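Here is how the chains run, residue by residue.
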Amino acid sequence: MIIDARERERAITSKANVAVTAGAGTGKTTLLVARILHQVLEKEVDIRNILALTFTEKAASEMRLRIEEELGKSRHPRAADAIKGLD
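Everything quoted here is computed from the prediction, not taken from an experiment.

Some points on helix 3 (residues 57-73)
- With 17 residues, helix 3 extends 24 Å from end C-alpha to end C-alpha; this agrees with the ideal 24 Å at 1.5 Å per step.
- The complete set of buried residues in helix 3 reads Met-63, Ile-67 and Leu-71. Seen end-on, helix 3 carries its buried residues on one side only, within an arc spanning 65°. Facing away from the buried surface of helix 3 by more than 90 degrees, the exposed residues are Glu-57, Lys-58, Gly-72 and Lys-73.

Concerning the packing of helix 2 (residues 28-42) against helix 3
- For the pair helix 2 and helix 3, interaxial distance at closest approach is 10 Å and the crossing angle is 50°. In terms of orientation, helix 2 and helix 3 fall into the oblique class. In this structure, the crossing between helix 2 and helix 3 has a hand that is right-handed. Of the residues in helix 3, those touching helix 2 at Thr-29, Thr-30, Leu-32, Val-33, Ile-36, Leu-37 and Leu-41 are Glu-62, Met-63, Arg-66, Ile-67, Glu-70 and Leu-71.
- When the residues that make up the contact of helix 2 with helix 3 are grouped by side-chain class, the tally is eight nonpolar, two polar and three charged.

Description of the layout of surface pockets
- If you add up the space inside the largest pocket, you get close to 840 Å³.
- In this structure, the largest pocket is lined by 31 residues; those nearest its centre are Val-20, Leu-32, Ala-52, Leu-53 and Met-63.
- Those elements giving two or more residues to the lining of the largest pocket turn out to be helix 2 and helix 3.
- Broken down by element, the lining of the largest pocket gets its largest block of residues, seven residues, from helix 2.
- A breakdown of the residues in the lining of the largest pocket according to their chemical character gives 16 nonpolar, 11 polar and four charged.
- Roughly 300 Å³ of volume is contained in the second largest pocket.
- Here the element with the most residues in the lining of the second largest pocket is helix 3; it accounts for four residues.

The rules behind each value
Chains are numbered independently. Their residues run from 1 in the order of the written sequence. Local features in this predicted model are restricted to residues whose pLDDT is 70 or higher, and side-chain atom pairs enter the listing and the counts only when it is 80 or higher, whereas totals over whole chains, interfaces and linings include all residues. Side-chain numbers here rest on the full set of heavy atoms in the structure, without hydrogens or water. Helical segments are the DSSP runs of H or I of at least four residues, strand segments are the runs of E of at least two, and each set is numbered from the N terminus. An expected span of 1.5 Å times one less than the residue number is assigned to each helix. Only protein chains enter the calculation, and the probe is 1.4 Å; a residue is then buried if its accessible area is under 20% of its type maximum, exposed if over 50%, and partly exposed in between. Arc definition: it is the arc formed by the directions from the helix axis to the C-beta atoms. Axis definition: a line fit to C-alpha positions, over the contact stretch in the case of helices; interaxial angles, taken between N-to-C directions, run 0 to 180 degrees. Any angle that falls under 35 degrees is termed roughly parallel, while one over 145 is termed roughly antiparallel, one within 65 to 115 roughly perpendicular, and all others oblique. Crossing chirality is assigned from the near helix's rotation relative to the far helix, an anticlockwise turn below a right angle marking it left-handed and a clockwise turn marking it right-handed. Throughout, a residue-residue contact means that at least one pair of heavy atoms, one from each residue, lies within 4.5 Å. For this classification, Asp, Glu, Lys and Arg are treated as charged, while Ala, Val, Leu, Ile, Met, Phe, Trp, Tyr, Cys and Pro are nonpolar and the rest, including Gly, are polar. Cavities and pockets were defined on a 1 Å grid built from protein atoms only: a cavity is a group of points that admits a 1.4 Å probe but offers it no way out, a pocket is an open group of points flanked by protein on both sides within 12 Å along at least five of seven lines, and a lining residue is one with an atom within 4 Å of any such point. Grid points are joined across faces, edges and corners, and a volume is the space filled by probe spheres set on the points.

This is the structure we're talking about:
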């Protein structure tokens with residue numbers, strides 16, 4: 001069980017903006033990808049209206065790749081349109 005599971009779930013589903021800070025390997029990218037997917041697929045936010053900042057191009061590329069992969073696996077009706085809006 002993840003010790004901070006409650007906080008992670010709150011960060012994913014919160015209506016407010018979220019800033020995530022933590023050390024390397026703690027799941028920041030996984031959490032942010034889950035939040036973006038929740039906003040796009042469940043809350044019907046246009047993916048083009050989401051801003052996700054990272055400190056490196058490598059981290060940004062990794063996040064974009066994970067989002068695209070998860071949307072590609074999704075059977076949600078909004079997933080295909082979200083993939084088109086990624087860039």
